Amino acid sequence: EREENGARISPDNPASGRPCLSLYGDSFTFGDEVGHAAAWGNQLAKRLNCKVSNFGVGAYGTDQAYLRFEENSSDPSSVVMLGVLSENIVRNVNQNRTFLYGADSVGPLKPMFWLDGVGQLQLVTVPKLTIDSYYQYIKNPRALFVKEFFIPDSSSYAKQRVSFPYIITLINAILSPRN
């Protein structure tokens, strides 16, 4: 349940007026574990005595929160706070959540940013999966996820695929810095 502009309902926000602050981020920004009144954005509105719009979304990376901010033409706030959770650091260099958490499926997929050769942020869009590209993904995920940091078996920080000989896979998994 959200306000008309997509912000979380905040019972202590003044009924009208321009927000003094807007929040963007993940579930911690949104306040996933608590009701509207206990969410920290609502508590902040109460303490500041001004309207605070909370546009946080559960499981978002910093990149997705930034894109939500960029695309949100209904947000008139002049001050914006971007919530960053330490786990978002790995989410920011990741497009396929299953590469991070080891599921056997695909997705959820998301956009990401990377720095090009001259230090400019470039958007990497979400790959469109078709039946043919799904089979390509199974054989060679790097073909679809060009800038993905956590493609299995691509680095010591990526998940290791289980394969024969299993003892080698076990040793690699034990020595992985992600364990």
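Residues numbered from 1 in each chain as written. Predicted model: local features only at pLDDT ≥ 70, side-chain atom pairs only at ≥ 80, totals over all residues. Heavy atoms only, no water.

Draft legend 1. Structural view of the pairing of strand E1 (residues 21-24). Across the two faces of E1 the burial is the same, with Leu21 and Leu23 and Ser22 and Tyr24 all buried. Of the pairings in the sheet, the one linking E1 to strand E3 (residues 80-82) comprises three bridges and is parallel in character. Across the sheet, the residue bridging to tyrosine 24 is leucine 82, located in E3. (Buried < 20%, exposed > 50% of the residue type's maximum accessible area, 1.4 Å probe, protein only. Helix = DSSP H or I, 4+ residues; strand = E, 2+ residues; numbered from the N terminus. Pairing = 2+ DSSP bridges.)

Draft legend 2. Here's a closer look at a nonpolar patch on the surface. Taken together, the side chains of Leu129, Ile131, Tyr134, Tyr135 and Ile138 present a nonpolar region at the surface, about 500 Å² in accessible area. Looking at the element boundaries, leucine 129 is found in the loop between strand E5 (121-124) and helix H6 (131-139). (Patch = residues over 30% accessible without salt bridge, like charges linked within 9 Å, V, L, I, M, F, W, Y side chains within 5 Å. Areas by Shrake-Rupley, 256 points an atom, 1.4 Å probe, with all protein chains shown as cover. Salt bridge = Lys/Arg side-chain N within 4 Å of Asp/Glu carboxyl O.)

Draft legend 3. A look at the packing of aromatic side chains. Counting across every chain of the model gives 10 aromatic pairs. When the ring of tyrosine 24 is compared with that of phenylalanine 55, the centres are 5.0 Å apart and the planes differ by 15 degrees; the resulting orientation is stacked. Here tyrosine 24, found in strand E1, pairs with phenylalanine 55, found in the loop between strand E2 (52-54) and helix H3 (62-71); they are 31 residues apart in sequence, far enough to count as distant. With a relative accessible area of 1%, tyrosine 24 lands in the buried category. The interplanar angle of 80 degrees and the centroid separation of 5.0 Å between the aromatic rings of phenylalanine 149 and phenylalanine 150 together place this pair among those described as edge-to-face. Judged by its relative accessible area of 4%, phenylalanine 150 falls in the buried class. An aromatic cluster is built from Tyr24, Phe55, Tyr66, Phe69 and Phe113, whose rings are joined through pairwise contacts. Above the face of the phenylalanine 30 ring, arginine 8 is positioned so that its terminal group lies 4.3 Å from the ring centre. Across the ring face of tryptophan 114, the terminal group of lysine 147 is positioned such that the distance to the ring centre comes to 3.8 Å. (Phe/Tyr/Trp six-rings, centres within 6.5 Å; stacked < 30°, edge-to-face > 60°. Lys NZ or Arg CZ within 6 Å of the ring centre and 35° of its normal.)

Draft legend 4. Main features of the sheet that holds E1. Strand order across the open sheet formed by three strands is E2-E1-E3, with parallel pairing between neighbours. Of all strands in the sheet, those bounded by a partner on one side alone are E2 and E3. In this sheet, neighbouring strand axes are inclined to one another by 20 degrees on average, regardless of whether the strands run parallel or antiparallel. Of the strands in this sheet, E1, E2 and E3 are in contact with helix H2 (residues 40-48), which crosses E2 at around 175 degrees. Across the sheet, H3 touches E1 and E3, and the angle it forms with E3 is around 160 degrees. (Axes fitted to C-alpha atoms, helices over the stretch in contact; angles between N-to-C directions. Contact = heavy atoms within 4.5 Å.)

All we've got here are geometric facts, nothing functional implied.
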